[in-house]
Amino acid sequence: MTAKDEIKKSFLASIWFMFLTFPLMVIKVNTVTDTVEWRWHNMVLVGIGAFFLSMLWRYLLKRQADGSKKEKKEGPGIIQRLLQKKELTLPGIIIIGCFTLLFPHIFSMYQTNIMISALIYVMLGLGLNIVIGLAGLLDLGYVAFFAVGAYSYALLNLHYGVVFWIALPLGGLLAALFGIILGYPVLRLRGDYLAIVTLGFGEIIRLVLENWNEFSFGPSGIANIPKPGLPGTDLSLQGSTIFIFYIIVALVIFTIFVINRLENSRIGRAWIALKDDEIACQSMGINKAKTKLRAFALGATWAGMGGVVFAAKTTFINPASFTIWESVIILCTVVLGGMGSIAGVISGALLLILLPEYLRDFGQFRMITFGAVLVLMMVFRPGGMIENVRKTYKFEKN
Amino acid sequence: MDFEYFAQLFLGGLTRGSIYALIALGYTMVYGIIELINFAHGEIYMIGAFTGLIIASVFTMLGFPTLAVVVLAGMAAIVYSCAYGFTMEKIAYKPLRNAPRLSALISAIGMSLFLQNYVLLAQTSDFLPFPSLIPDFEFWEPYAHILTSPELVIIITTVVVMILLTFLIKFTQIGKAMRATSQDKMMAALLGINVDRVISVTFIVGSATAAIGGILIASHIGQINFYMGFIAGIKAFVAAVLGGIGSIPGAVLGALVLGWTESFFTGYISSDYEDVFAFLFLVVILIFRPSGILGRAETKKV
C-alpha cells in the first residue's frame, strides 16, 4: 500500500472519530443553568490523535499478521531467557532480597505504605493467576474472597478479640470455603457463563455487606482494626508499618514458593490440561469437578489472606473497597503481566499499582488506561509482558 | 390482597421488563452470531442516553418545539449508539475473531471500562437530570395511578421494536444472512455471505435497540450518570441468559420474567436486596437450566 492510501485512510478515521466523539467531547450542557459549553479544542485534539493512532494501529496489526505468518521460531524473549539462566538465579535472588529487606529503612513511611499495597496486589494477582492462568477459569468476582478475608479478621477481632496471627490462616480458610461454596454449583458452566456468575457472586457479597447493618455495619464499615503485634513488644506506628511490610513480603515469598511447586505438581498439570481441552482431559481420568474446585479454593485462599493483611494495614474497611472494579484491576495485573507466568504477574501488579501512585496527576486517567490496556493487550500481545513459557520435552536420539 | 397494588406491580414489572428486553436483544443477537458476551453493551445504552440528553438540551435551548426535540434527540441517540457499536466491534472484537473466547471477553471488559471512564472524563461524574421527553396524556388520567403514560409509551415502543425486529430477521435478506451466519459461519461465507458485514449489522441493530431503551428509561427515571450502563447491562444479560442466550423470543421472555420477579420482590418483600435478587436468580437458573428457558442444550462433538 502506498503512503497516499495510508494518509487517506487515516484521514477518514480521523473524520470518523471527530464525528463519533462530537456530542460527548465537544458539547457540555449544564441542565441547571441551561447553558451550553462548546469545547471545540477537544475536537481538534481527537482529530489529530485519531489520525496518528489509526496509522499506528494499522501498522501494528500488519506487523502482527506478518509475524504470525513467519511462525514463531524465535523462541522465548530476552526476559524469559534471563529467567531461565541458572547461574543468574542466585545473584538475582540476593540482590532482590537485599533490596526488599532494606526497603523500609531506605525509603520513607509513605513509600513503604504504597509498597505494602502493591505487594498485597501481587499476592492477589498470584492467587488469581491460579484460577485464570493455570486453570483457565475466568473469575470476575475474585474481590469477594478478598472481602471475606478482610471482614473475617475485622469481625472476629471485634466480637471475639481474635489476633492477627490466628485470623490470617482463618481468613484464608474461610475464603477457601467460600470458594468451594461458589465453585460447587457453577462448575458445570462454560467459560463465559462462569465469568458472569462469579461477577454476580462478587456483587452479592458486596451488596450483602452494604445492606446487612447488624452483621457488617453497612456502608460505614468497621474501624479501629488492630495492626499485628509482636508478642512482648509494643510497636510504634512506624514500627508496625515496617512489621506489616515484612509480613507481606514473607507472604508473597510463600505464595511464590507454593505456586511454583503447584505448577509442576499433579494438580498443576491437571489444571493446565483442563484449560486446554476438557474432554480429552476427562478421558485421561482427571476428575474435572474436583480439579476445578481445587483451583477455586486455592485461588481464594490467597485472596482471603491478602484481605486479612489489607484490613490490618488500613485499620478500616468498608464495602466500597470491594467493588467489581477491584476485581477488574486484579484481572488487569494478571493479563498485563502474562497469564500463568509468576514473574509476569509480579511485574504486572507492581507496574499497575505503583505507576498510578507516582503519577498522581495522571490519577483520573487511571481507569480509562486500564480499559485501553486490557483491549490492546488482548489484540496485540495476548500472552502479556512476560509470556509464560510452557515446559516442552524434546526426544533426542542418542 | 389488594388487587390495585398487584396490578401496579404487574404493570411496573412489565415496564421494567420491556426495558431489559430492549437491552437484552443486543446481547442475545451478538451472542447468537459470534458467541461473545459483549460486556460493553450496557455502555452503548448509557452513551445513547447521554447523547439523547445532550442533543435534547441543545435543541430545547435553541427553542425548538417539544415534538421536534424528541424526534431529533431520539434519532441522534440511535445514530450515535450505532456508530459506537460499529466502531467498538472493529477495534476490540474483530482482531480477536479467531482468538480464544477468554481473550475476547477480557477485551470486552476493557472496552466497557474504557467507555465508562471516557464518558466520566468527557462529561461528568454527577447525576444529570434528564428532561421527561414523553408527554403526559390527558385522556389517560383516570388510569394514571396504576400505569403512567410514560410507562405506556415504553411498553408500546418495545412491542413495536420487537415486531420490526422479528420482521427484519424473518423476512429480509440481511435477516436471512444473520440466521445463516449464526448457524455456521464458514458455510455462510462459502455461500457468498459477507460475514464481516453481517456481524457489523448485528452490532448496529443491537446498539439501536439499546439506545431506544436508554432514552426511554432515562426520561422515565429522570436522571442519568456514567455508571447506569453497568447494572442495566448485567440485568439485561441475566434476562438474556434466563431466556436462553442466542434466542430472540427467549430474551424477551426472560426480560419480562426478570422484570416481574423484581417488581413483585421489591413490592412485597424488600427493596434493599433488589440487585442481590437478580444475581441470585441468575445463579439458580444457570445451575438448574444452564441453557435457559427457551434455549437448547448444546451437544459437543469431539
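You'll find the structure just up there.
Within every chain, residues take consecutive numbers counted from 1 along the sequence as written. Working convention: letters from A go to chains and numbers from 1 go to ligands, in the order in which they are written. For this predicted model, a pLDDT threshold of at least 70 governs which residues receive local features, and a threshold of 80 or more governs which side-chain atom pairs are given and counted, while totals over whole chains, interfaces and linings are taken from all residues. To obtain the side-chain values, all non-hydrogen atoms of the structure were used and water was disregarded.

Student: Help me understand the overall build of chain A in this model?
Tutor: The helix and strand tally for chain A stands at 17 helices and 2 strands. Just to be clear, the radius of gyration here is over C-alpha atoms, and the globule rule we use is 2.2 Å times residues to the power 0.38. Since a compact globule built from 398 residues should have a radius of gyration of about 21 Å, the 24 Å found for chain A is in line with a globular shape. Along the longest, intermediate and shortest principal axes, the C-alpha atoms of chain A span 80 × 75 × 50 Å. None of His or the chain ends enter the tally, which takes Lys and Arg as positive and Asp and Glu as negative. For the purpose of locating charges, the reference atoms are NZ of Lys, CZ of Arg, CG of Asp and CD of Glu. Mean positive and mean negative side-chain charge positions of chain A (35 and 23 charges, respectively) differ by 8 Å. Numbering of helices and strands starts at the N terminus; helices are DSSP runs of H or I of at least 4 residues and strands are runs of E of at least 2.

Student: Help me understand the interface of chain A and chain B, please; the structure alone is not making it clear to me.
Tutor: Often, the extent of an interface is quoted as the loss of accessible area upon association of its parts. Listed per partner, the contact involves 58 residues of chain A and 65 residues of chain B. Carbon and sulfur atoms supply 78% of the area buried between chain A and chain B, which totals about 5600 Å² over both sides. Buried area counts how much accessible surface, traced with a 1.4 Å probe, disappears from two parts once they are put together, with both parts' losses summed. When the buried surface of chain A facing chain B is broken down by residue, Leu24, Tyr193 and Trp325 of chain A rank first, second and third, together holding 13% of it. Any carboxyl oxygen of Asp or Glu that lies within 4 Å of a side-chain nitrogen of Lys or Arg is treated as forming a salt bridge with it. Where chain A meets chain B, there are 0 salt bridges. The definition of a polar contact used here is a pair of N or O atoms within 3.5 Å, where within protein one atom must be able to donate a hydrogen and the other to accept one, and adjacent residues in sequence count solely through side-chain atom pairs. Taken together, chain A and chain B are joined by 4 residue pairs in polar contact (both at pLDDT 80 or more). Broken down by secondary-structure element, the contributors of at least two residues to the side of chain A that touches chain B are α1 (3-20), α2 (22-26), β1 (27-30), β2 (35-38), α3 (40-69), α9 (191-211), α15 (324-337) and α17 (366-380) of chain A. The biggest single contributor to the side of chain A that touches chain B is α9 of chain A, with 12 residues. Tallied by class, the residues present in the side of chain A that touches chain B amount to 43 nonpolar, 8 polar and 7 charged. Note on contacts: a residue pair is in contact if any heavy atoms of the two residues lie within 4.5 Å. Residue polarity follows a fixed list, in which Ala, Val, Leu, Ile, Met, Phe, Trp, Tyr, Cys and Pro are nonpolar, Asp, Glu, Lys and Arg are charged, and the others, Gly among them, are polar.

Student: Help me out: how do you make sense of the pattern of salt bridges in this one?
Tutor: Close approach of charged atoms allows side chains of opposite charge to pair. Within the structure shown, the criterion is met by 11 salt bridges over all chains. The salt bridge involving Lys292 of chain A is made with Glu278 of chain A; its shortest N-O contact spans 2.9 Å. Linking Lys292 of chain A in helix α14 (residues 288-314) with Glu278 of chain A in helix α13 (residues 278-283), this pair joins segments that are 14 residues apart in sequence. Here the term buried applies to any residue with accessible area under 20% of the maximum for its type, exposed to any over 50%, and partly exposed to those in between, with areas from a 1.4 Å probe on protein chains only. Lys292 of chain A sits in the buried class, given a relative accessible area of 5%. On the accessibility criterion, Glu278 of chain A (29% relative accessible area) is partly exposed. Of the charged contacts in the structure, one is a salt bridge between Glu89 of chain B and Lys90 of chain B, with a shortest N-O distance of 3.4 Å. A relative accessible area of 0% means that Glu89 of chain B is categorised as buried. Assessed through its relative accessible area of 30%, Lys90 of chain B is described here as partly exposed.

Student: Hey, could you run me through the side chain of Lys313 of chain A in this one?
Tutor: Residues and elements named next belong to chain A. Following the sequence through the fold, Lys313 ends up in helix α14. Looking at Lys313, its side chain comes within polar contact range of the side chain of Ser117, at 3.0 Å. In contact with Lys313, other than residues within four places in its own chain, are Asn113, Ile116, Ser117, Lys227 and Ile244.

Student: Help me understand the packing of aromatic side chains, please; the structure alone is not making it clear to me.
Tutor: One pair of aromatic rings is described through two measures. These are the centre distance and the angle between the planes. Two rings from Phe, Tyr or Trp (for Trp, the six-membered ring) form a pair when their centres are within 6.5 Å of each other. A pair whose planes differ by under 30 degrees is stacked, one over 60 is edge-to-face, and the rest are tilted. Under the criterion given, the structure shown has 26 aromatic pairs over all chains. When the ring of Phe19 of chain A is compared with that of Tyr80 of chain B, the centres are 4.8 Å apart and the planes differ by 25°; the resulting orientation is stacked. One end of the pair, Phe19 of chain A, is in helix α1; the other, Tyr80 of chain B, is in helix α3 (residues 66-93), on a second chain. You can call Phe19 of chain A partly exposed: its relative accessible area is 33%. Ring geometry for Phe245 of chain A against Tyr246 of chain A: centres 5.8 Å apart, planes inclined by 65°, an arrangement best described as edge-to-face. Through pairs of rings, three or more aromatic residues link up here, namely Trp16 and Phe19 of chain A together with Tyr80 and Phe86 of chain B.

None of the figures reported here should be taken as evidence of function without further support.
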